[in-house]
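Overview (structure and organization)
These are the residues of each chain, in order.
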Amino acid sequence: MCGIVGYIGPGDSVPILLDGLKRLEYRGYDSAGLAVLNGTGRIELRRSTGKLANLEKVVSQEPLQGSTGIGHTRWATHGPPSEANAHPHRVGGLVLVHNGIIENHMELKKELLGEGRSFSSETDTEVLCHLIDRQSKRGLALPEAVRAALAEVRGTYAIGVMSESEPGLVVGARNGSPLIVGLGADASFLASDVPAVLPYTRDVIFLDDGEVAILSASGVEVTGLEGERRPKTSTRIDWNPVMAERGGYKHFMLKEIHEQPRSFSDTLLGRYSLERGEVEIEGFMLDEGAVGDIEQVVIVACGTSWHAGLIARYWIESLARLPVTVDIASEFRYRDPLVPPGTLFVSITQSGETADTLAAQREARRRGAKTVTICNVVGSTATREADAVIYTHAGPEIGVASTKAFTSQLAALFLLAVRLARGRGTLTNDAARCLLEDLIRIPLRMEEALARAGEIAALARRLAGARDFLYLGRGINFPVALEGALKLKEISYIHAEGYPAGELKHGPIALIDEQVPVVVLAPHDAVYEKVLSNLEEVRARGGRIIAVTDRADESVRARAEAVLDVPATHPLLTPILFALPLQLLAYYVSDLKGCDVDQPRNLAKSVTVE
Ligand code: AGP
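Our subject in this report is the structure included herewith. (Residues numbered from 1 in each chain as written. Predicted model: local features only at pLDDT ≥ 70, side-chain atom pairs only at ≥ 80, totals over all residues. Heavy atoms only, no water.)

1. Focus on the overall build of the protein chain
Secondary structure summary: the protein chain contains 21 helices and 26 strands in total. Here the C-alpha radius of gyration of the protein chain, 25 Å, is about what a compact globule of 610 residues would show, namely 25 Å. For the protein chain, the C-alpha atoms occupy an extent of roughly 80 × 55 × 45 Å along the three principal directions. In the protein chain, buried positions account for 61% of the 610 residues. Restricting the contact set of the protein chain to residue pairs at least 6 apart, pairs at least 24 apart contribute 70%. Element-wise, carbon and sulfur atoms account for 50% of the exposed surface of the protein chain, whose accessible area totals about 22200 Å². (Helix = DSSP H or I, 4+ residues; strand = E, 2+ residues; numbered from the N terminus. Rg over C-alpha atoms; globule rule 2.2 N^0.38 Å. Buried < 20%, exposed > 50% of the residue type's maximum accessible area, 1.4 Å probe, protein only. Contact = heavy atoms within 4.5 Å. Areas by Shrake-Rupley, 256 points an atom, 1.4 Å probe, with all protein chains shown as cover.)

2. A look at the pairing of strand β10 (residues 188-191)
Neither face of β10 is left uncovered, since the one carrying Ser188 and Leu190 and the one carrying Phe189 and Ala191 both have all their residues buried. Relative to β10, strand β1 (residues 3-8) is paired through four bridges, and the arrangement is antiparallel. Along β10, the bridge assignment pairs Ile8 with Ser188. Of the pairings in the sheet, the one linking strand β9 (residues 180-183) to β10 comprises four bridges and is antiparallel in character. In the strand pairing of β10, Val181 is matched with Leu190. Here β9 folds back onto β10 in antiparallel fashion, the turn holding four residues. (Pairing = 2+ DSSP bridges.)

3. Things to note about the sheet that holds strand β13 (residues 219-224)
Taken together, six strands build an open sheet; the order of strands is β5-β6-β7-β8-β12-β13 and the sheet is antiparallel. Since the sheet does not close on itself, it has two edges, and those belong to β5 (89-91) and β13, each with one partner. On average, adjacent strands in this sheet sit at an angle of 20° to one another, irrespective of strand direction. Sheet analysis places strand β7 (residues 155-163) next to strand β8 (residues 170-175), joined by four bridges and oriented antiparallel. Bridged to Val161 within β8 is Val171. Packing of helix α4 (residues 124-137) onto the sheet brings it into contact with β5, β6 (94-102) and β7, and relative to β6 it is tilted by some 130°. (Axes fitted to C-alpha atoms, helices over the stretch in contact; angles between N-to-C directions.)

4. A short note on the site of the ligand
Residues in contact with the ligand amount to 14 residues; listed here are only the nearest, Ser305, Gln350, Ser351, Thr354 and Glu490. Thr349 places a polar side-chain atom, nitrogen or oxygen, 2.8 Å from an oxygen atom of the ligand. Between the ligand and Lys487, the relevant distance is 2.9 Å, taken from an oxygen atom to a side-chain nitrogen or oxygen of the residue. Protein chains shield 91% of the accessible area of the ligand, which is 410 Å² for the free molecule. Put simply, the parts of the chain that give the shell around the ligand at least two residues each are α10 (303-320) and α18 (478-492). When grouped by side-chain class, the residues that make up the shell around the ligand number four nonpolar, eight polar and two charged. (Near = heavy atom within 4 Å. Polar contact = N/O pair within 3.5 Å; in protein donor to acceptor, adjacent residues only side chain to side chain. Nonpolar A, V, L, I, M, F, W, Y, C, P; charged D, E, K, R; others polar.)

5. Topic: the pairing of strand β23 (residues 495-500)
When strand β22 (residues 468-473) meets β23, the two strands line up parallel, connected through six bridges. Looking at β23, one finds that Phe469 is bridged to Ala496.

6. Focus: the packing of helix α14 (residues 404-424) against helix α21 (residues 574-592)
Orientation of α14 relative to α21, taken along the N-to-C sense of each, is 175°, at an axis distance of 11 Å. By the criterion of interaxial angle, the relationship of α14 to α21 is roughly antiparallel. In this structure, α14 uses Phe406, Thr407 and Leu410 to contact α21, whose residues at the interface are Ile576, Ala579, Leu580 and Gln583. Classifying every residue of the contact of α14 with α21 by side-chain character gives five nonpolar, two polar and no charged. (Parallel < 35°, antiparallel > 145°, perpendicular 65-115°, else oblique.)

7. A word on the pattern of salt bridges
With the rule as written, the count across this model stands at 49 salt bridges. Asp565 serves as the salt-bridge partner of Arg557, at 3.6 Å between the closest nitrogen and oxygen. The network of salt bridges with shared partners includes Asp208, Glu211, Glu228, Arg230 and Lys232. (Salt bridge = Lys/Arg side-chain N within 4 Å of Asp/Glu carboxyl O.)

8. Describing the environment of Glu317
The residue Glu317 is located in helix α10 in this model. Glu317 sits in the partly exposed class, given a relative accessible area of 31%. Along the sequence, Glu317 and Leu450 sit 133 residues apart, while their C-alpha atoms lie 30 Å from each other. Among the polar contacts listed, one links the side chain of Glu317 to the backbone nitrogen of Val324, at a separation of 2.9 Å.

9. Brief notes about the packing of α10 against α14
Closest axis-to-axis distance for the α10/α14 pair is 9 Å, and the angle between their directions is 25°. Overall, the two elements α10 and α14 adopt an arrangement that is roughly parallel. You can see that α10 and α14 cross each other, and the crossing is right-handed. From α10, Thr304, Ser305, His307, Ala308, Gly309, Ile311, Ala312, Trp315, Ile316, Leu319 and Ala320 reach across to α14, where they touch Phe406, Gln409, Leu410, Leu413, Phe414, Ala417, Val418, Leu420, Ala421 and Arg424. In terms of residue class, the contact of α10 with α14 is built from 15 nonpolar, five polar and one charged. (Left-handed = near helix turned anticlockwise from the far one by under 90°.)

10. Observations regarding the nonpolar core
In terms of nonpolar packing, the biggest core is built from 97 residues, with Val297, Trp315, Leu420 and Tyr471 touching the most fellow members. Setting aside residues no more than four positions away along its own chain, Leu420 makes contact with Val291, Ile294, Val297, Ile316, Ala320, Leu322 and Leu344. (Core = buried A, V, L, I, M, F, W, Y, C linked by side-chain atoms within 4.5 Å.)

11. Considering the packing of aromatic side chains
For the coordinates displayed, the defined rule picks out six aromatic pairs. Arranged with centres 5.5 Å apart and planes meeting at 50°, the rings of Phe332 and Phe345 form a pair that is tilted. Pair noted here: Phe332 is in helix α11 (residues 329-332) and Phe345 is in strand β19 (residues 343-349), with a separation of 13 residues, a long-range link. Judged on exposure class, the residue Phe332 and its partner Phe345 are both buried. Between Phe469 and Tyr471, the ring centres sit 6.2 Å apart and the planes meet at 25°, which makes this aromatic pair stacked. Judged by relative accessible area, which is 1%, Tyr471 ranks as buried. (Phe/Tyr/Trp six-rings, centres within 6.5 Å; stacked < 30°, edge-to-face > 60°.)

12. A look at the state of the cysteines
Per the counting criterion, the structure on display carries zero disulfides. With no disulfide partner, Cys129 has as its closest neighbouring cysteine sulfur the one in Cys2, 15 Å distant. (Disulfide = S-S within 2.5 Å.)

13. Some points on the sheet that holds strand β21 (residues 388-391)
Spatial strand order, β18-β17-β19-β20-β21: five strands in an open sheet with parallel pairing. Every interior strand has two partners, whereas the edge strands, β18 (324-328) and β21, have only one. Going across the sheet, the axis of each strand differs from the next one's by a mean of 20°, ignoring polarity. As paired elements, β19 and strand β20 (residues 370-375) share six bridges and run parallel to each other. By the bridge assignment for β20, Thr349 is matched with Cys375. The sheet contacts of α10 involve β17 (296-301), β18 and β19, and relative to β18 the element is tilted by about 175°.

The structure is reproduced here in structure tokens:
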């Protein structure tokens, strides 16, 4: 998830672009760059790796000036953070910044290489730059060249484009990634998000998918991909600066909870074929033969990532019929672990820098395992040391409590389970196709689940005073109970425990009284009746039941103080949706208690020490 800015107006674009990028830095900080049309009609580039401050240093050492420019902060998805992979990319007199994933970039790159074009980066973005340049060389004006090139790509994009041959233009376009146009008194702006333009204008146009914006000194024109004019109305933004930084949300965590439909679908993008019922994951080193050699899977992680691993065990065992063990990294590394031949070791880590997870991964490699890491940060240590990487495309997760990274991990892990099952012949292509069809509907189901946030905020007001919470789940939703408890305790500081519902009578039932909210996950799956009896046990002792279910029939409503409805999906996929109301409940309770939601006490986003 990168940050894009663009400017065309009477002033010097450089300070405006840098200020805009600073306000978008939360969107990505692997590298940054500017392209500015100077007084001689040349476009000058300045780029640097790392934080935006490095780019500011480069600009101060090699100043540039011009009234038309574009800028970018990168969150790497293809190609590690480096100056060569930093945006803007240039081909001839054309420069481009991009946020998104060009799904068919490899096949397009092959075609362009075949035409004798050369590449200086590993990014999918540079392919798009060449496509636009190719259209320009066929005589199309910049807006038409952009539209024609976008017709050749599949995937998501928000772009800003400039060309020396048409100096008075900045062209923007979006499909799947956000892009807005700021309407100043005598200037126009392009940005990934509102905060970048607020100091200059509160009047913005939100572009829709498939729209192209042409910014010039005479104003802004918006068209569709066929070139047809699109009448757009502007929106007056009344956010305060704090809300602006979080895209209108009160906290990054709330923003990231609501970003999950996008991050989930971005993680799936380009990695499955419905017609063939296949999963293809770029960079996944195991071919058919190698998959056949796998005898068991060992999954190792920490915290929320460990919960994702516990869920993945159900998927891999039921679909690929492979035995799976799931271990907490700090335990695995000191247990003198058995890593027999044929072990596939999977580490799960949002940051790619968690010390215990890195140590466990190194230990597994030392003992001969093939290692794959599920990671959200391109170029992080875990990705450089594993044999293979399956990236989640969640974008930067700023809130310390993991939300969109968690569900993106689940997206990647489900793809891995299907990939292993298909490679081992334990899943037919028809069965795989059905599962994948359910999987790609999850973002829509997420939207439905998130639309009930208001009900959950109201429930939080009734529960925020509780001292202890119990979360119960069975089967594949037991790890979701653990995750719900972790979310609550880490951001609201209320003691909460996740338990297998079947364990209630073996101890935790002693905790239950009318002060203790008991969150019970009750999907309509094979163990639903068992969960109902657990509900009864809680009710009989006066416990406050909060039922989370995907079909609230009378037997649940009669027993529960509150019912949180979740859209129905395939039983194997329920954990992905059931996690959402628990994230929201934790968020609202924490906010009501006045806790520091995004940076809870004692915690760090990445635990880089033992
Ligand atoms: C989750 O909300 C926590 N922030 C924490 O448990 C986290 O999941 C854990 O530290 C693992 O981090 P990683 O995924 O970056 O390795």
